[in-house]
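Structural characterization, general
Each chain, written out:
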Amino acid sequence: MSKLTIIADIKANPDKVDLVKAALLKLIEPTRAEEGCINYDLHQDNENPAHFFFYENWETRELWQAHMNSAHLKAHKLATEGCIEATVVSEMTVIG
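Read on for a plain summary of the structure. Everything numeric here is computed off the predicted structure, so don't read it as measured data.

Let's shift gears to the overall build of the chain. Within the chain, the regular secondary structure consists of three helices and four strands. Starting at the N terminus, the α and β elements of the chain follow one another as β-α-β-β-α-α-β. Relative to the 2.2 N^0.38 estimate, which gives 12 Å for 96 residues, the radius of gyration of the chain is 13 Å and therefore close to what a compact globule would have. Counting only C-alpha atoms and orienting by the principal axes, one finds that the chain spans roughly 40 × 30 × 20 Å. For the chain, buried positions account for 36% of its 96 residues. Considering only contacts within the chain whose residues lie at least 6 apart along the sequence, 69% involve residues at least 24 apart. As presented, the chain carries roughly 5900 Å² of accessible surface, and 54% of it is formed by carbon and sulfur atoms. Charged side chains of the chain number 9 positive and 15 negative; the gap between the two group centres comes to 3 Å.

So, in structure tokens, the structure goes:
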């Protein structure tokens with residue numbers, strides 16, 4: 001199986017941008033150290049600072065699922081509860 005690409009599109013509540021940004025930044029170091037993580041890059045929209053975007057590549061879907069159950073991701077969800085307007089996660093495969 002080819003690597004798995006994840007696109008995580010996150011929209012913070014407008015009054016919680018700084019809190020969400022800080023929480024998202026805390027995810028980077030422990031996630032990049034996880035088995036199977038090829039890259040884990042966070043972006044912030046230049047026009048809308050409440051809009052964040054993770055671009056991730058994982059060796060396998062199973063290793064990404066282990067990330068989704070990691071302690072640091074669970075802690076992030078608790079820390080940002082009620083602060084995120086919407087999150088859309090897409091699983092993708094490179095085709096060209």
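Past the structure itself, the notes keep going.
Quick look at the pairing of strand β2 (residues 37-44) now. Relative to strand β3 (residues 51-58), β2 is paired through seven bridges, and the arrangement is antiparallel. When the sheet's bridge partners are listed, Y40 is paired in β3 with E56. Hairpin connection, β2 to β3: the antiparallel pair is bridged by six residues.

A few words now on the sheet that holds β3. As summarised here, the arrangement of the four strands in space is β2-β3-β1-β4, forming an open sheet in which the pairing is antiparallel. Each edge of the sheet is formed by a strand with only one pairing partner; in this case those strands are β2 and β4 (84-92). Neighbour-to-neighbour, the strand axes of this sheet turn through a mean angle of 10°, independent of strand direction. Across the sheet, helix α2 (residues 61-68) lies against β1 (4-12), β2, β3 and β4, angled at about 135° from β3, the strand it touches most.

Within the element layout of this structure, E56 appears in strand β3. With no salt bridge to any partner, buried E56 finds its closest opposite charge in R32, at an N-O distance of 10 Å. Side chain to side chain, E56 and W58 meet in a polar contact 2.9 Å long.

Next up on the list: the environment of L24. Considering the arrangement of structural elements, one finds L24 in helix α1 (residues 17-32). A C-alpha to C-alpha distance of 10 Å links L24 and H43, two positions 19 residues apart in sequence. Contact partners of L24, with chain neighbours within four places excluded, come to I10, L42, F52, F54 and H76.

The rules behind the values
Residues numbered from 1 in each chain as written. Predicted model: local features only at pLDDT ≥ 70, side-chain atom pairs only at ≥ 80, totals over all residues. Heavy atoms only, no water. Helix = DSSP H or I, 4+ residues; strand = E, 2+ residues; numbered from the N terminus. Rg over C-alpha atoms; globule rule 2.2 N^0.38 Å. Buried < 20%, exposed > 50% of the residue type's maximum accessible area, 1.4 Å probe, protein only. Contact = heavy atoms within 4.5 Å. Areas by Shrake-Rupley, 256 points an atom, 1.4 Å probe, with all protein chains shown as cover. Lys, Arg positive; Asp, Glu negative; His and termini not counted. Charge placed at Lys NZ, Arg CZ, Asp CG, Glu CD. Pairing = 2+ DSSP bridges. Axes fitted to C-alpha atoms, helices over the stretch in contact; angles between N-to-C directions. Salt bridge = Lys/Arg side-chain N within 4 Å of Asp/Glu carboxyl O. Polar contact = N/O pair within 3.5 Å; in protein donor to acceptor, adjacent residues only side chain to side chain.

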